[in-house]
Amino acid sequence: MTKLTIVAFDGTRFELDAAEGSTVMENAVRNSVPGIDAECGGACACATCHVYVDDAWTETVGGPQPMEEDMLDFAFDLRPTSRLSCQIKMTPALDGLVVSVPERQG
């Protein structure tokens, strides 16, 4: 299991054990993290699982693929560290990953 921290907009920290191969979105939904709507269920067909990757993790996580970039156009308050949490798969390299949830989803 890898450690994943999701910080809700109100500052509440959700410290989770994430299975390798699961997505940040799956872990957020499974643990009822507020602000992760995940309307498309992880199909990269909406922008309702938008998160900000902590600056210390942006290089390790990497940038979005073209399809994700297109969906991010619909995200609220887009930032350079914005990603769709359905597209971030947990790996041992991401042990300790920290992401934050925006004020609202697009």
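No experiment lies behind these values; they were computed from the predicted model shown.

Turning our eyes to something else, we now look at the environment of Leu-94. Within the secondary structure, Leu-94 is located in the loop between strand E4 (82-84) and strand E5 (97-100). Distance from Leu-94 to Thr-2, taken between C-alpha atoms, is 7.2 Å for residues 92 residues apart in sequence. Those residues in contact with Leu-94 that sit more than four places away from it in its chain are Lys-3, Trp-57, Thr-60, Val-61, Ile-88 and Lys-89.

Now for the pattern of salt bridges. One pass over the full model with this rule turns up four salt bridges. The partner of Glu-68 in a salt bridge is Arg-83, with the nearest N and O atoms 2.8 Å apart. Of this pair, Glu-68 sits in helix H3 (residues 66-72) while Arg-83 is found in strand E4, placing the two residues 15 residues apart along the sequence.

Applying the stated criterion across every chain yields a total of zero aromatic pairs. One Lys or Arg, Arg-79, reaches over the ring of Tyr-52 and ends 4.0 Å from the middle of that ring.

The next thing to look at is the pairing of strand E1 (residues 2-7). Among the six residues of E1, five are classified as buried, and the element is accordingly described as predominantly covered. Examined bridge by bridge, E1 and strand E2 (residues 13-18) share six bridges and lie antiparallel to one another. From the neighbouring strand, Lys-3 faces E2, where its bridge partner is Asp-17. Here E1 hands over to E2 after five residues, with Gly-11 in that stretch at a positive phi of 95°. In the sheet, E1 pairs with E5 via four bridges, with the strands oriented parallel. Looking at E5, one finds that Thr-5 is bridged to Val-98.

Thresholds, definitions, all that
Residues numbered from 1 in each chain as written. Predicted model: local features only at pLDDT ≥ 70, side-chain atom pairs only at ≥ 80, totals over all residues. Heavy atoms only, no water. Helix = DSSP H or I, 4+ residues; strand = E, 2+ residues; numbered from the N terminus. Contact = heavy atoms within 4.5 Å. Salt bridge = Lys/Arg side-chain N within 4 Å of Asp/Glu carboxyl O. Phe/Tyr/Trp six-rings, centres within 6.5 Å; stacked < 30°, edge-to-face > 60°. Lys NZ or Arg CZ within 6 Å of the ring centre and 35° of its normal. Buried < 20%, exposed > 50% of the residue type's maximum accessible area, 1.4 Å probe, protein only. Pairing = 2+ DSSP bridges.

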